[in-house]
Amino acid sequence: FVTAIDHVGIAVPDLDAAIAFHAEHFGLEVAHEEVNEEQGVREAMLRAPGTAGTETAIQLLAPLREDSAIGKFLAKSGPGLQQLAYRVSDVDAAAAALRAQGLRLLYDEAKRGTSDSRVNFVHPKDAGGVLVELVEPAKDGH
Ligand code: V0V
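To start, this report covers the structure provided alongside it.

So, how was this worked out
Residues numbered from 1 in each chain as written. Predicted model: local features only at pLDDT ≥ 70, side-chain atom pairs only at ≥ 80, totals over all residues. Heavy atoms only, no water. Near = heavy atom within 4 Å. Polar contact = N/O pair within 3.5 Å; in protein donor to acceptor, adjacent residues only side chain to side chain. Areas by Shrake-Rupley, 256 points an atom, 1.4 Å probe, with all protein chains shown as cover. Helix = DSSP H or I, 4+ residues; strand = E, 2+ residues; numbered from the N terminus. Nonpolar A, V, L, I, M, F, W, Y, C, P; charged D, E, K, R; others polar.

What follows deals with the site of the ligand. Close to the ligand lie 24 residues; Q39, K76, Q83, T114 and K125 are nearest. The separation between an oxygen atom of the ligand and a polar side-chain atom of Q59 is 3.0 Å. A distance of 2.5 Å separates an oxygen atom of the ligand from a polar side-chain atom of K76. A total of 1,000 Å² of accessible area belongs to the ligand in isolation, and the protein chains cover 71% of it. At the level of elements, β4 (57–63), α2 (69–77), β5 (80–88) and β7 (118–122) are the ones that each hand at least two residues to the shell around the ligand. Sort the elements by how many residues they give to the shell around the ligand and α2 lands first, with 5 residues. Considering only residue class, the shell around the ligand consists of 10 nonpolar, 9 polar and 5 charged.

Below you can see the structure in the form of structure tokens.
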């Protein structure tokens, strides 16, 4: 049910500084920026120049609060890779299939992700130490 690698997420203490770093050294461009209050993040999606918008993105995640997922991750592990996100066509079906295989999903119901996508996560302890996100993009093509 995975149709693509949607993005790789990096926890950063300062979003603007991280955007500038990736632009200066790697030439990545900001395709999208938003605040997700529920997740406690300010985030940016970066892409290589000239790519159409469906290729794998780099997601920079900065905490809005110390007690958020990213705030806790930074306190414990410092800046670095925080998640791997698989694109799926139906996040509810994907979550149900993985639950049936004995993996723990973090949410009973999908939550709102970037650009009105619907997301759920596999617990990192059930996925080889990797926080795996499942992303169902919004139907209007965001
Ligand atoms: C924690 N652990 C990780 C981890 N975070 N391992 C790999 N990758 C990570 N990102 C390890 C941690 O070191 C512990 O290992 C163990 O898992 C349990 O951690 P914990 O301290 O009990 O739990 P917390 O409080 O650190 O929470 C971990 C979880 C939390 C994964 C439950 O981060 C969470 O709810 N994440 C999902 C939401 C999220 O990440 N939101 C921000 C991105 P030891 O020490 O016991 O061995 S928002 C987003 O991506 C959006 C909006 C989007 O893409 O659309």
